[in-house]
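# Breakdown of the fold
The chain contents come next:
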Amino acid sequence: MKKILITGGAGFIGSHVVRLFVNQYPDVEIHNLDKLTYAGNLENLSDIDQKPNYRFVKGDIVDAEFITHLFEQERYDGVIHLAAESHVDRSIVNPMEFIFTNVVGTVNLLNAAKNIWKDNYEGKRFYHISTDEVYGALGDTGSFKETTPYSPHSPYSAAKASSDHFVRAYHDTYGLPTVISNCSNNYGPNQFPEKLIPLFINNIKHNKPLPVYGKGINVRDWLYVVDHARAIDLIFHKGRTGETYNIGGNNEWRNIDLIKKLIEIMDRKLGRPEGTSLQLITYVTDRAGHDLRYAIDASKLRAELGWEPSIKFAEGFEKTVDWYLANEKWLDNVTSGSYQDYYRKMYGE
Ligand code: NAD
Ligand code: DAU
């Protein structure tokens, strides 16, 4: 039986990738390696965790000895690497954690894969999941291509950029069969409510202020998380070795417009008169180094592998709101304890 290691599978995107692979490939053993940081939650996988081809491994990718031993024991055929510290605001407060996990952790995985595959790379693949933030910020026009020079601005994106460079270096230096994708902002079920959409859904529900950074004019390109998982499946199986693929939703929104749309949906679903929650909008100090605009040119992925987003934003956004409203317990569980301290530090009471 083939064995694939997915790292960060208890997180937001990782859990959707694990679910897709476990269901789609019953003859492949899927191992989910996750440290279970504040962002990792095994509840995300309760619908598939009893399947015979699924196994959870608790561990830290920063621990080189553990990773070496795991790879020697399990002799994986492929790696899909999503584990990371992923929140820009946290990276501004504590950059070191991002360097350890995103850079050192990635290099530990590269070393372990190189070590077990060195005699024969045939049929092996190391797939590194990255972000559009490595390309920096755009002005009012244009979009990121795979050839756009890297220009990261936050400690998060600098650490992701560094890990991308290491992945390419291992391909070029040792011939490791790698592939990388850089995706735009994901939204959907199971996203930790420190990120814009779930945070604001939760705050609207509880009538709490909505902290809009700066003037709310920053632009993000939103993609439904299941469409990202579909792209990852395609690239893992059919992407060309040594290549990079951009993934995006072709769906740009100014933050303030997205927030107003969210308020409209939430007020309707909560049975509040239209526009009630607009009063919760509170402009706060801008995020340091806040990138103005991201936009992805995904034409390479479309042309080579035929990928297109399958879910229209209007549908995906409604589904997302419905999921958070129907999964109150999930939201309450992840917003208790240490998250409360983080919230107080970031935004006050
Ligand atoms: P997330 O924060 O929701 O999940 C990260 C997961 O990694 C968690 O389960 C966490 O426990 C695990 N993890 C963290 N440190 C670890 C360590 N040292 N060892 C083992 N596991 C560890 O993140 P996400 O939003 O699902 O992002 C997943 C990946 O996709 C990241 O690499 C991120 O850079 C990338 N990405 C995210 C987006 C987005 O919009 N969220 C867009 C493009 C790319
Ligand atoms: O572009 C891909 C990236 O998208 C991923 O690599 C990151 O892991 C992911 O976190 C996300 O980064 P962003 O910084 O774009 O996402 P976030 O949800 O934190 O913020 C989205 C926008 O909303 C951004 O312009 C900042 C703004 N914002 C965010 C928060 C949390 C606010 O105005 N107020 C807030 O409270």
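Below is a summary of the structure that appears in this document. (Residues numbered from 1 in each chain as written. Chains lettered and ligands numbered in written order. Predicted model: local features only at pLDDT ≥ 70, side-chain atom pairs only at ≥ 80, totals over all residues. Heavy atoms only, no water.)

## Let's talk about the environment of K35
Selection criterion: The helix and strand labels rest on DSSP assignments: H or I over at least four residues marks a helix, E over at least two residues marks a strand, and numbering proceeds from the N terminus. Relative accessibility decides the category of a residue: with a 1.4 Å probe and only protein chains considered, values under 20% of the type maximum give buried, values over 50% give exposed, and everything between is partly exposed. We call two residues in contact whenever any of their non-hydrogen atoms come within 4.5 Å of each other.
Structurally, K35 can be placed in the loop between β2 (28-34) and β3 (54-58). The exposure class assigned to K35 is partly exposed, which follows from its relative accessible area of 35%. For K35, the residues in contact, after removing those within four places along its chain, are K58, G59, D60 and E97.

## Regarding the pattern of salt bridges
Filter applied, for reference: The salt bridge criterion pairs a side-chain nitrogen of Lys or Arg with a carboxyl oxygen of Asp or Glu, the two atoms within 4 Å.
What the rule picks out here adds up to 20 salt bridges. K124 is paired through a salt bridge with D77; the nearest N and O atoms lie 3.9 Å apart. Taken together, the positions of K124 in the loop between α4 (95-117) and β5 (125-131) and D77 in the loop between α2 (64-74) and β4 (78-81) put the pair 47 residues apart, joining distant regions of the chain. Owing to a relative accessible area of 21%, K124 belongs among the partly exposed residues under this scheme. As a salt-bridge pair, K261 and E264 come within 3.2 Å of each other at their nearest N and O atoms. Within this pair, K261 and its partner E264 are both found in helix α8 (residues 255-269), separated by 3 residues, close to a single helical turn.

## Focus on a nonpolar patch on the surface
For the record, the criterion: Patch membership requires over 30% relative accessible area and the absence of a salt bridge. Like charges are linked within 9 Å, and nonpolar side chains (Val, Leu, Ile, Met, Phe, Trp, Tyr) within 5 Å. The Shrake-Rupley method, run with a 1.4 Å probe sphere, supplies the accessible areas, and residue values consider only the shown protein chains as cover.
A surface patch of nonpolar side chains, amounting to about 320 Å² of accessible area, comprises M96, I99, F100 and V104. Within the element layout of this structure, V104 appears in helix α4.

## Details of the site of ligand 2
Put simply, the test is: Any residue with a heavy atom lying within 4 Å of a molecule or strand is counted as near it. Distance and chemistry together define a polar contact, namely a pair of N or O atoms within 3.5 Å, with one atom able to donate a hydrogen and the other to accept it when in protein, and with adjacent residues in sequence counting only for side-chain atoms on both sides. Any residue outside Ala, Val, Leu, Ile, Met, Phe, Trp, Tyr, Cys, Pro, Asp, Glu, Lys and Arg is labelled polar, Gly included; the first ten of those are nonpolar and the last four are charged.
Around ligand 2 there are 26 residues in total, and T131, D132, Y156, R287 and H290 lie nearest to it. Taking L196, its main chain carries an N or O atom lying 2.8 Å from an oxygen atom of ligand 2. In the model, an oxygen atom of ligand 2 is placed 2.7 Å from a nitrogen or oxygen of the H290 side chain. Taken by itself ligand 2 offers 690 Å² of open surface, and the protein chains cover 95% of this. Contributing elements (two or more residues each) for the shell around ligand 2: α3 (88-93), α6 (196-205) and β8 (210-213). Looking at the shell around ligand 2 residue by residue, the classes come out as 11 nonpolar, 8 polar and 7 charged.

## Notes on the site of ligand 1
Close contacts around ligand 1 come from 29 residues, with I13, D34, S86, Y156 and K160 the closest. At 3.0 Å from an oxygen atom of ligand 1 is found a main-chain nitrogen or oxygen belonging to T37. Within the backbone of L82, a nitrogen or oxygen atom sits 2.9 Å from an oxygen atom of ligand 1. Here ligand 1 loses 96% of its free accessible area of 840 Å² to cover by the protein chains.

## Here's the deal with the pairing of β2
Our working rule: Pairs of strands are assigned from DSSP output, requiring at least two bridges between the strands. Handedness of a crossover is defined as follows: with both strands directed away from the viewer, a clockwise route from the first strand across the helix to the second makes it right-handed.
Counting buried positions along β2 gives 6 out of 7 residues, so the element sits mostly inside the fold. Two elements, strand β1 (residues 2-7) and β2, share 6 bridges in a ladder whose sense is parallel. Its bridge partner lying in β2, K2 is registered against V28. The parallel pair β1 and β2 is bridged by helix α1 (residues 12-24), and the resulting crossover is right-handed. Direction of pairing for β2 relative to β3: parallel, over a ladder of 5 bridges. The partner of I30 across the bridge, within β3, is Y54.

## What to know about the side chain of N44
Mapped onto the elements of the fold, N44 is located in the loop between β2 and β3. By relative accessible area, N44 is classed as buried at 3%. Separated by 3.0 Å, the side chains of N44 and N190 make a polar contact. What N44 contacts, discounting residues up to four positions off in sequence, is A10, G11, S15, R19, N190 and W330.

## So, empty space enclosed by the protein
Filter applied, for reference: Using only the protein atoms, space was sampled on a 1 Å grid; points where a 1.4 Å probe fits but cannot get out form cavities, open sets with protein on both sides within 12 Å along at least five of seven lines form pockets, and lining residues are those with an atom within 4 Å of a point. Grid points are joined across faces, edges and corners, and a volume is the space filled by probe spheres set on the points.
According to the stated counting rule, one finds 2 cavities of 30 Å³ or more in the structure shown. The space that makes up the second largest cavity amounts to roughly 50 Å³. Taken together, V88, E133, H153, S154, S157, R220, R287, G289, H290, D291 and Y294 make up the full set of residues lining the second largest cavity. A class-by-class count of the residues in the lining of the second largest cavity yields 2 nonpolar, 5 polar and 4 charged.

## Some words on the sheet that holds β2
As a general point, the strands of a sheet are linked pairwise by backbone hydrogen bonds and lie either parallel or antiparallel. The condition is simple: Lines fitted to the C-alpha atoms define the axes, with helices restricted to the stretch that makes contact. Angles between their N-to-C directions range from 0 to 180 degrees.
Strand order across the open sheet formed by 7 strands is β3-β2-β1-β4-β5-β6-β10, with parallel pairing between neighbours. Where the open sheet ends on each side, the last strands, each with one partner, are β3 and β10 (244-247). For this sheet, the mean inter-axis angle between neighbouring strands, taken without regard to orientation, is 20 degrees. Across the sheet, helix α7 (residues 225-238) is in contact with β1, β4, β5, β6 (178-183) and β10; its angle to β5 comes to roughly 145 degrees.

## As for the nonpolar core
Put simply, the rule is: Here, the term nonpolar core denotes a set of buried Ala, Val, Leu, Ile, Met, Phe, Trp, Tyr and Cys residues that are joined through side-chain atoms within 4.5 Å.
Grouped together as the largest cluster of nonpolar side chains are 41 residues, with contacts concentrated most on I6, F21, I80, Y127 and I247. Top contributing element to this core by residue count: α1, with 7 residues. Sequence-distant contacts of Y127, defined by excluding residues within four places in its chain, comprise V79, I80, H81, V179, I180, S181, I232, I235, F236 and I247.

## Re the packing of α1 against α7
Counted only if it meets this: Geometric relationships in this document are graded by angle, where less than 35 degrees denotes roughly parallel, more than 145 denotes roughly antiparallel, 65 to 115 denotes roughly perpendicular, and other angles denote oblique. A crossing counts as left-handed when the near helix is turned anticlockwise from the far one by less than a right angle, and as right-handed when that turn is clockwise.
Where α1 meets α7, the axes come as close as 9 Å, and the angle between the chain directions of the two elements is 60 degrees. Between α1 and α7, the angle is such that the two are oblique. The two elements α1 and α7 cross, and the hand of that crossing is right-handed. Where α1 approaches α7, its residues F12, I13, H16, V17, L20, F21 and Q24 are matched on the opposing element by V225, V226, H228, A229, R230, I232, D233, F236 and H237. Partitioning the contact of α1 with α7 into residue classes produces 10 nonpolar, 4 polar and 2 charged.

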